[in-house]
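# Notes for the structure review
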Amino acid sequence: MSMLPASATEMDHDNGPITAEGLLRRRAHQKPEAMALADPPNRQTLGLTPARSFTYAQADEAVDALAGFFIELGLEPGDRIVMQLPNVIEAPLALLGAWRAGLTVAAVPMLWRAMEIARVCDAIEPKALIGAAEFAGERSAEYLRDVAATRLSVRFVLGFGRNLPDGIASLDDAIAAGRLARDQVRARTHDGHSLITFTARAGAPFIPVFRTEDEILAQGAMAVLALALDRGDTILNPYPFTGPVGLGLGLAPWLIAGATLAQHHPFDYGAFVQQVLVTGATVTALPGAVLAELARDGVLQDPQCRLRRVGRVWSTPGLSESAALPVQASRPVFDLVQLGDLASLMLRDELDGRAGLPLGPVHLGEDAGGAVFVETKLGVGELLVRGPVVPRGASEGPLAADRDGFVSTGLRGRAEDGGVRLQRDPELVYHGGFTIAASELDGLYQAFPGFLDAACFVLPDPIVGDRIFAAVAPFPNAPVSLEALHRFLMERGVAPYKFPDKLLVVKDIPRDRQGRILRGEILRQV
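Residues numbered from 1 in each chain as written. Predicted model: local features only at pLDDT ≥ 70, side-chain atom pairs only at ≥ 80, totals over all residues. Heavy atoms only, no water.

## Considering the pattern of salt bridges
Convention followed: Every case where a carboxyl oxygen of Asp or Glu lies within 4 Å of a side-chain nitrogen of Lys or Arg is listed as a salt bridge. Secondary structure elements are taken from DSSP: a helix is a run of H or I of four residues or more, a strand is a run of E of two residues or more, and numbering for both begins at the N terminus.
Under the criterion given, the structure shown has 32 salt bridges. In this structure, the salt-bridge partner of Arg151 is Asp122, at a minimum N-O distance of 2.7 Å. Of this pair, Arg151 sits in the loop between helix H6 (140-148) and strand E6 (156-160) while Asp122 sits in helix H5 (residues 114-124), placing them 29 residues apart in sequence. Within the structure, one salt-bridge network assembled from shared partners comprises Glu21, Arg25, Asp60, Asp64 and Arg100.

## A few points about the packing of helix H3 (residues 56-73) against helix H4 (residues 90-100)
Formally: Lines fitted to C-alpha atoms define the axes here, with helix axes fitted over just the stretch in contact, and angles between the N-to-C directions of these axes take values from 0 to 180 degrees. Orientation categories follow fixed angle ranges, with anything under 35 degrees roughly parallel, anything over 145 roughly antiparallel, 65 to 115 roughly perpendicular, and all other angles oblique. In this scheme the handedness of a crossing depends on how the near helix is turned from the far one: anticlockwise by less than a right angle means left-handed, clockwise means right-handed. Contacts were defined at the residue level, with two residues in contact if any of their heavy atoms lie within 4.5 Å. Side-chain classes follow a simple rule in which Ala, Val, Leu, Ile, Met, Phe, Trp, Tyr, Cys and Pro form the nonpolar group, Asp, Glu, Lys and Arg form the charged group, and the remainder, Gly included, forms the polar group.
Axis separation between H3 and H4 bottoms out at 8 Å; the angle between their running directions is 55°. When the interaxial angle is binned, H3 and H4 end up oblique. Both H3 and H4 take part in a crossing whose hand is right-handed. Taken together, the residues of H4 that come into contact with H3 (itself represented by Ala59, Asp60, Ala62, Val63, Asp64, Leu66, Ala67 and Phe70) are Leu93, Ala94, Leu96, Gly97, Ala98 and Arg100. Residues that form the contact of H3 with H4 fall into these classes: 10 nonpolar, one polar and three charged.

## Considering H3
For the α-helix, the turn length of 3.6 residues means that residues three or four positions removed from each other point alike. Selection rule: Here, expected helix span is obtained from the residue count minus one, scaled by 1.5 Å. Working definition: with a 1.4 Å probe on protein chains only, accessible area under 20% of the residue-type maximum means buried, over 50% means exposed, and in between means partly exposed.
The end-to-end C-alpha distance of H3, which contains 18 residues, comes to 26 Å, matching closely the 26 Å that a straight helix rising 1.5 Å per residue would cover. Judged by how many residues are buried, H3 sits mostly within the fold: 15 of 18 residues are covered. Residue Gly74 follows H3 closely and has a positive phi angle near 100°.

Have a look at this one:
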């Protein structure tokens, strides 16, 4: 039985299975002049073209144009492309255009640099890379072009924005040209995975997560049912489509409900407040600390604020700590719990932090017909999940399902008071929505020529999750400079969120008899 609400499943016999791009086409037919997409107001200050908004008809035409362009390039159904775009309207347009052309999209974070992009290309062998000419002082399209020059699989580098570097085709021009290939596009389908995102596990810094469209739409259906979303809603989404929060809060519920999607990226408190009040946003979600700040500033009490539900996004390893944050939103609060980088669990009411995460099938309640999108259980000290929103990895891999269909989240947990008390894995770092293997950071810092040894350690932060630091044992009499380490990592093309905030000079890095780093011993020296 379909998990989509009735509004999404009312289709005539000829339309076939539900797809994301098919939902867009349907909305464009049903209400062509309704607002579909809106840009963040600070878009131009970030080096992008001026902020825009698209009706459903305009969005559908743009998606047709992009799909037609991809087809004209010779990309075939099932081909893989890499998309590195900020949370602006081009991101959903490019994603849906690729899906309409039958392509598989690897969505990568804006903070990734040459090292991470090259790793993606080596792993999935994409035919094309898509980026932005400029964003927040960085020229991501140039990173992509430079990586493409050394990867034989990449045939095209495409981009949005002004002053694209030589050799990069403009997707803005493709939209403006209005290449319509509707009859040809409608036949472009494939039965494989539609989206690839990325995560990490202890000792495994790079793990592709292959998602089907059904899993993505189920994540959106959970939000629509839990929050009773409909075409009158405006979803203010500050999370990119590189993980389950952005997919489950933004992309999928927008299409299923036929709502308006207002994008926001990167997080700018002033711009976000402006969007809350100007866009007429009815639903959004943020870390609890930011919601508390909005409440303290009176934003949620402002007469212009139309938010009817506000969500608190939980950093899963710190579930109990986050529960104590004072939201005081004066509006109904829902909880959005990240199940590692696999999926999100949408709960229409606030979690009782003392009880922890629900254990077993998680029902949305009688109003939603008792639908179950996620079921949790404890393995040997770790949290396992299954359900229509949970992707499965290849057999024998770190994301392989067990005999009952459960997949490991990479999170530790213990049963307590009828729920699951989540605990952090000391070999994983949770920073700004990213899951990073501590071993990767160790290796990056150890490679610096001035260090005999090095290791990462973290301290909690209510906004970013973990603040990253480096303990270093330098060569005798060698100068120690945080700036020099940053320059070294930058020259290697490492994503800046992997740079440590500070250095702690130690005599040696504590290890056990098997050579494993004792991060707790490092923390005792802080």
